[in-house]
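Coordinate analysis (summary)
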Amino acid sequence: MRLSAIGDMTHVVPVIHAIRSHLPQASITWVIGKLEARLLEGLPGVELVVFDKKGGFGAIRQLRKTLKNRKFDVLLHMQVAARANLLSTLVKAPVRIGWDKPRWRDRHQWFINQSVQSLPEQHQVEAFLEFARALGVPPAPPVWNMPVSEENISWAKEVLGDGPPILMISPCSSHPLRNWQAVRYAQVADYAISKLEMRVVLTGGPSALEVTTGQEIEFAMQNKPQNLIAKDTICQSVALLKQAAVVLSPDSGPAHLASAVGTPVIGLYAATPSKRSGPYNSLELCVDRYAQAARKFRNTEPEKLRWGQRIEFPGVMDLIETRDVIEKLDEFRRGNR
């Protein structure tokens, strides 16, 4: 059971592959959110049971009906939020594996009878893989193989057309205090076009914040980007990310989606530490100012904070300078000529 969010959903996918590889006879059912299920249509070897988080009591009744006559050997309870804890009671399973004590929240311990191993300073991808370890699956590098339909790939190629390599900017996190200034995105975008002979494509969803941020980036730029914000579906957005040479994003779902489909990501981290929640396959490309944020906003050293503690204060992302990101972009281009 893991209902959301998009970033964490990408962390569960390697768990599915690890179990399937080591226990090929296992039957796997995933209770998942509606939006997240759309992204994973076609994921082999797993049955998706969709729970509409906006569906109220009707969605709960439907989930109860779906699971009423079913019994499972093990529940991997991967979410500590109150709603997921309560919904987990609908799953009949004698073995109920949940998170370790440091991550318990909303009485998570009441709904499980085993915990995953608690290891210090793990990346979230590795932390989720502890659920597979609890089933006896041996350690191995994570595998994603995210399903992306040929139809969506064809759409993305048609929309993007041919041309120079693409710097794709997905500028918004679901947490506004993790977002970078539009004018700084614009400066990096202009540098990519003028100095590195790249194209710049803006991507994002239809929310007012994302649309406005895209407009602000365009207005601040001297060159012209291709603005696709609010012009695709969630599944098409994954296909777009797959076509980019590199993606620039704060701590967000798109950063993890891009990493999961094999696209390098320049991640922007100050409110959260990239070593815990950065794009797993591109940690070396992240600009991380979490340590400076701890000293400035928490008046302490980062190692004295609880692992992964958020530092979401106004201005925290301003610790990331434009030149920091340009240096990472130059580093990427030097390695991919």
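Throughout, residues of each chain are indexed from 1 in the direction in which the sequence is written. Restriction of local features to residues with pLDDT of at least 70 applies here, the model being predicted, together with a cutoff of 80 or more for giving and counting side-chain atom pairs; totals for whole chains, interfaces and linings are based on all residues. As a rule here, side-chain values cover all heavy atoms of the structure and leave hydrogens and water aside.

1. Some words on the overall build of the protein
Counting its secondary structure elements, the protein contains 13 helices and eleven strands. The C-alpha radius of gyration computed for the protein amounts to 20 Å, which stays within 12% of the reference 20 Å derived for 337 residues, consistent with globular compactness. Dimensions of the protein, computed from C-alpha atoms along their principal axes, come out at roughly 60 × 50 × 40 Å. Whether two residues are in contact is decided by their heavy atoms, any of which lying within 4.5 Å being enough. Partitioning the contacts of the protein with sequence separation of at least 6, the portion at a separation of at least 24 is 59%. Carbon and sulfur atoms make up 50% of the accessible area of the protein, which amounts to about 16000 Å² in all. Only DSSP runs of H or I reaching four residues or more are called helices, and only runs of E reaching two or more are called strands; each is numbered from the N terminus. Each radius of gyration reported is based on C-alpha atoms, and the globular scaling rule is 2.2 Å times the count of residues to the power 0.38. All accessible-area figures derive from a Shrake-Rupley calculation using a 1.4 Å probe, and residue coverage is judged against the displayed protein chains alone.

2. What to know about helix H1 (residues 6-22)
A helix is expected to reach a length of 1.5 Å times the quantity of its residues less one. Given a rise of 1.5 Å per residue, 17 residues ought to cover 24 Å, and the 25 Å separating the end C-alpha atoms of H1 matches this to within 8%. Each residue is placed in one exposure class: buried if its accessible area under a 1.4 Å probe, protein chains only, is under 20% of its type's maximum, exposed if it is over 50%, and partly exposed if it falls in between. Burial analysis of H1 places 13 of its 17 residues in the buried class, which makes it a mostly covered element.

3. Description of the pairing of strand E9 (residues 246-250)
Among the five residues that make up E9, five are buried, leaving the element largely enclosed by the rest of the structure. Both faces of E9 are covered, namely the face carrying Val246, Leu248 and Pro250 and the face carrying Val247 and Ser249. The sheet contact formed by E9 and strand E10 (residues 265-269) spans four bridges and is parallel. Residue Pro250 lies in a different strand from E10, and its bridge partner there is Leu268. We call a crossover right-handed when, viewed with both strands directed away from the observer, the connection leading from the first strand over the helix to the second proceeds clockwise. Since E9 and E10 lie parallel, the crossover through helix H10 (residues 253-260) that links them has a hand, and here it is right-handed. Pairing between two strands is assigned when DSSP locates at least 2 bridges connecting them.

4. As for the pattern of salt bridges
The rule for a salt bridge is simple: a side-chain nitrogen of Lys or Arg has to be within 4 Å of a carboxyl oxygen of Asp or Glu. The final tally for this structure, using the stated rule, is twelve salt bridges. In this structure, Arg178 and Asp251 form a salt bridge, with 3.3 Å as the shortest nitrogen-oxygen distance. Of this pair, Arg178 sits in the loop between strand E6 (166-169) and helix H7 (182-196) while Asp251 is found in the loop between E9 and H10, placing the two residues 73 residues apart along the sequence. The same class applies to Arg178 and to Asp251, which are both buried. Taking the shortest distance from any N to any O, the salt bridge between Lys328 and Glu331 comes out at 3.8 Å. Here Lys328 and its partner Glu331 are both found in helix H13 (residues 322-335), three residues apart, which amounts to about one turn of the helix. The exposure class of Glu331 is partly exposed, given its relative accessible area of 34%. Here the salt bridges do not stand alone but share partners, grouping Arg178, Asp251 and Glu312 into one network.

5. Concerning the side chain of Arg276
With respect to the secondary-structure elements, Arg276 resides in helix H11 (residues 274-277). Residues counted as positive are Lys and Arg, residues counted as negative are Asp and Glu, and His and the chain ends are not counted. Of the side chains bearing the opposite charge, Asp251 lies closest to the buried Arg276, which forms no salt bridge; the N-O distance is 6.7 Å. Among all residues touching Arg276, those that are not within four sequence positions of it are Gln122, His123, Gln124, Trp307 and Gly308.

6. Describing the pairing of E10
When you tally the buried positions in E10, you get five out of five residues, the bulk of the element. Burial of E10 is two-sided: the residues Val265, Gly267 and Tyr269 facing one way and the residues Ile266 and Leu268 facing the other way are all buried. Pairing of E10 with strand E11 (residues 287-288), which is carried by two bridges, proceeds in the parallel orientation. The partner of Tyr269 across the bridge, within E11, is Asp288.

7. Concerning the packing of aromatic side chains
Two aromatic rings from Phe, Tyr or Trp, using only the six-membered ring of Trp, form a pair when their centres are within 6.5 Å; if the ring planes differ by under 30 degrees the pair is stacked, by over 60 it is edge-to-face, and anything between is tilted. Under the counting rule described, the total for this entry stands at five aromatic pairs. When the ring of Trp180 is compared with that of Tyr185, the centres are 5.2 Å apart and the planes differ by 90°; the resulting orientation is edge-to-face. Of the residues examined, Tyr185 reaches a relative accessible area of 0% and is grouped as buried. Here a set of aromatic residues connected by ring pairs shows up, and it is made of Trp99, Phe128 and Phe131.

8. Topic: the nonpolar core
Counting residues in hydrophobic clusters, the biggest one holds 50 residues, and the most contacted among them are Met9, Trp30 and Met168. The leading source of residues in this core is H1, at eight residues. Definition of nonpolar core: a set of buried residues of the types Ala, Val, Leu, Ile, Met, Phe, Trp, Tyr and Cys, connected through side-chain atoms within 4.5 Å. Residues Ile169, Ala182, Ile217 and Leu329 belong to the second largest nonpolar core, which totals 36 residues.

9. Details of the sheet that holds strand E3 (residues 74-76)
Pairing within the open sheet is parallel, and its three strands lie in the order E3-E4-E5. Each end of this open sheet is capped by a strand with a single partner; those strands are E3 and strand E5 (114-115). Note: E3 against strand E4 (residues 95-98), three bridges, orientation parallel. Within E4, the position partnered with Leu75 by the bridge is Arg96.

10. Here we look at the packing of H1 against helix H5 (residues 124-133)
Here H1 crosses H5 at 40°, and the two axes come no closer than 9 Å. In terms of axis orientation, H1 runs oblique to H5. Seen along the crossing, H1 lies across H5 with a hand that is right-handed. For the pair H1 and H5, the contacting residues are Asp8, His11, Val12, Pro14, Val15, Ala18 and Ile19 in the first and Gln124, Val125, Phe128, Leu129, Phe131 and Ala132 in the second. Think of each axis as a best-fit line through the C-alpha atoms, taken over the contacting stretch in the case of a helix, with angles from 0 to 180 degrees between the N-to-C directions. The labels follow the angle: roughly parallel below 35 degrees, roughly antiparallel above 145, roughly perpendicular from 65 to 115, and oblique for the rest. Each crossing is labelled by how the near helix is turned from the far one, with a counterclockwise turn of less than a right angle marking it left-handed and a clockwise turn marking it right-handed.

Any functional reading would require information beyond the geometric quantities listed.
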